[in-house]
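Close look at the chain arrangement
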Amino acid sequence: MHLGALFIISHVLTSASVRETARRFQLSPSTVSAAIRNAETELAMKLTERASGELVTLIAGGGVLEGLEPITVALGELCQFAGRVGAGGIDEAWAARIPVKIVAIERFLEVADQGSINRAARRLHLGQPQLSLQLANLEKFLGRRLFERQAQGSVLTEEGRRAYQIFMAISQSWDDLKSAADERYRRTARSLRIGSIIPTGSESWVARCLGLLVSEWNARRSNNAISLVSMTADDLREALKSGRIDVAILDSVFGLEGFRHRELLQTDMVVIAPAHSTETTVADLVAAHAICMPSPRTGLGHAAMAFSAERAPDRRLRSRDITAADSLPVIVDLVANHGYVSFLGRVSAMPIAGKVRIVDLDEHLPMSYHVAFNHRKAAADACAVIIAAAARITSEAVAKTDAVRESAA
């Protein structure tokens, strides 16, 4: 990393604007964006993201901004040391362009500590001429003589001692940021990242599968810790593709051609309606109740939208009349407590049969859930546990439903 890039990043995280930073430092927006991307790579974390066209600083970015504070203070001192003082204080345009790399100041510090270019070069596994040239370039850039070359070695000048304090503050602060990043990387490398479609609730088969997975996985004392996240099917495919997750439970096979995947279970689509509702057909339910269901970003939402377009083109079951919510607990609450109707896979509806009324479609509409995974052996092992858990949990739910039906008869 260049010192100028650290100065740029600090301002971006403070202002939450690439363009404002670019204008302030007289840089191109692409240069500012490149500085952010390089820092994200170095620190192994996402610092910002775009939301509604605006740059948003993430929680991790706030922590990095705090870690950069002593570095920006030191860079201000470096500007004054180099005589780069503007009308309002330091010359920010110059600070944003400091080409000196962290590795260069670490080599300067090593020479100062060893008191000899030759000894420092041996410790750094560098050639003495290469190290001498780097020091000469640093002195030329700052316009200050940092070392006195003597027979017994290289001794810091008075200005060199001042530069040493500034560079030491920068090096230590950067080491703190990097050590935290290295620990995050080690944790991530050990972790098995599982992504799933959003469960309907704690009693749902998805939630129970994941709970069983974690319990059995930890009982085996596996070296890979498990981390869990829930997203829409589209987001899961993207996360699997980018390597952000290792295993994905999805409600659609669409887009899985490039991944290893297995069918998890088969079911069919049903309507869920308020428990007190009396309508017996889908058409009557749709005519009498507001509709809320997952967006087409989910496999379930995509299937429901296709059903509405193909089978009920003349009714109110159209996308403009549907409230989309990519949160199944919210959808279940709207149906159970606010008079809405929605669509679910039967296997997801059965655990909440006490809260809602399940109505069959006029035509059987099959649905299937799948689990996709990457090349890691741990991912394949987790996949096997998930498949076994799903088979057990869904068979229990079917048996329970059959028992209720028999007792009612």
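Thresholds applied
- Residues numbered from 1 in each chain as written.
- Predicted model: local features only at pLDDT ≥ 70, side-chain atom pairs only at ≥ 80, totals over all residues.
- Heavy atoms only, no water.
- Core = buried A, V, L, I, M, F, W, Y, C linked by side-chain atoms within 4.5 Å.
- Buried < 20%, exposed > 50% of the residue type's maximum accessible area, 1.4 Å probe, protein only.
- Helix = DSSP H or I, 4+ residues; strand = E, 2+ residues; numbered from the N terminus.
- 1 Å grid on protein atoms, 1.4 Å probe; cavity = no way out; pocket = protein on both sides within 12 Å on 5 of 7 lines; lining within 4 Å.
- Points joined across faces, edges and corners; volume = space filled by probe spheres on them.
- Nonpolar A, V, L, I, M, F, W, Y, C, P; charged D, E, K, R; others polar.
- Phe/Tyr/Trp six-rings, centres within 6.5 Å; stacked < 30°, edge-to-face > 60°.
- Lys NZ or Arg CZ within 6 Å of the ring centre and 35° of its normal.
- pLDDT = per-residue confidence, 0-100.
- Contact = heavy atoms within 4.5 Å.

Thoughts on the nonpolar core
I194, W205 and L264 are the most contacted members of the largest nonpolar core, which has 70 residues in total. By residue number, the principal contributor to this core is helix 16 (residues 377-408), which donates ten residues. Core analysis: the next-biggest nonpolar cluster, separate from the first, contains 59 residues, A5, L13, A112 and L177 among them.

Points about empty space enclosed by the protein
According to the stated counting rule, one finds one cavity of 30 Å³ or more in the structure shown. Estimates place the volume of the largest cavity at around 160 Å³. Lining the largest cavity are 20 residues, with I197, I198, D251, L300 and L328 positioned closest to its centre. Listing elements by their share of the lining of the largest cavity, those giving two or more residues are helix 10 (205-219) and strand 13 (342-345). Tallied by class, residues from the lining of the largest cavity come to twelve nonpolar, six polar and two charged.

Brief notes about the packing of aromatic side chains
In this structure the tally under the stated criterion is five aromatic pairs. Each ring, one from F108 and one from F167, has its centre 5.4 Å from the other, and the planes form 80°; the classification is edge-to-face. Residue F108 is found in helix 6 (residues 102-114), and its partner F167 is found in helix 9 (residues 158-190); the two are separated by 59 residues along the sequence. Residue F108 shares its accessibility class with F167, and that shared class is buried. Seen from their ring centres, W205 and Y369 are 5.1 Å apart, and the 75° between their planes marks the pair as edge-to-face. With a gap of 164 residues between them, W205 in helix 10 and Y369 in strand 15 (residues 366-373) connect regions that are remote in the sequence. Y369 carries the same exposure label as W205, and that label is buried. The rings of F108, F147 and F167 are connected pair by pair, giving a single aromatic cluster. The ring of F81 carries the charged tip of R144 above its face, separated from the ring centre by 5.7 Å.

A word on the confidence of the model for the protein chain
When pLDDT is averaged along the protein chain, the result is 86; 89% of the residues meet or exceed 70. Throughout residues 401-406 the model reports pLDDT below 50, and contacts reaching past four residues in sequence, or to other chains, amount to one contact.

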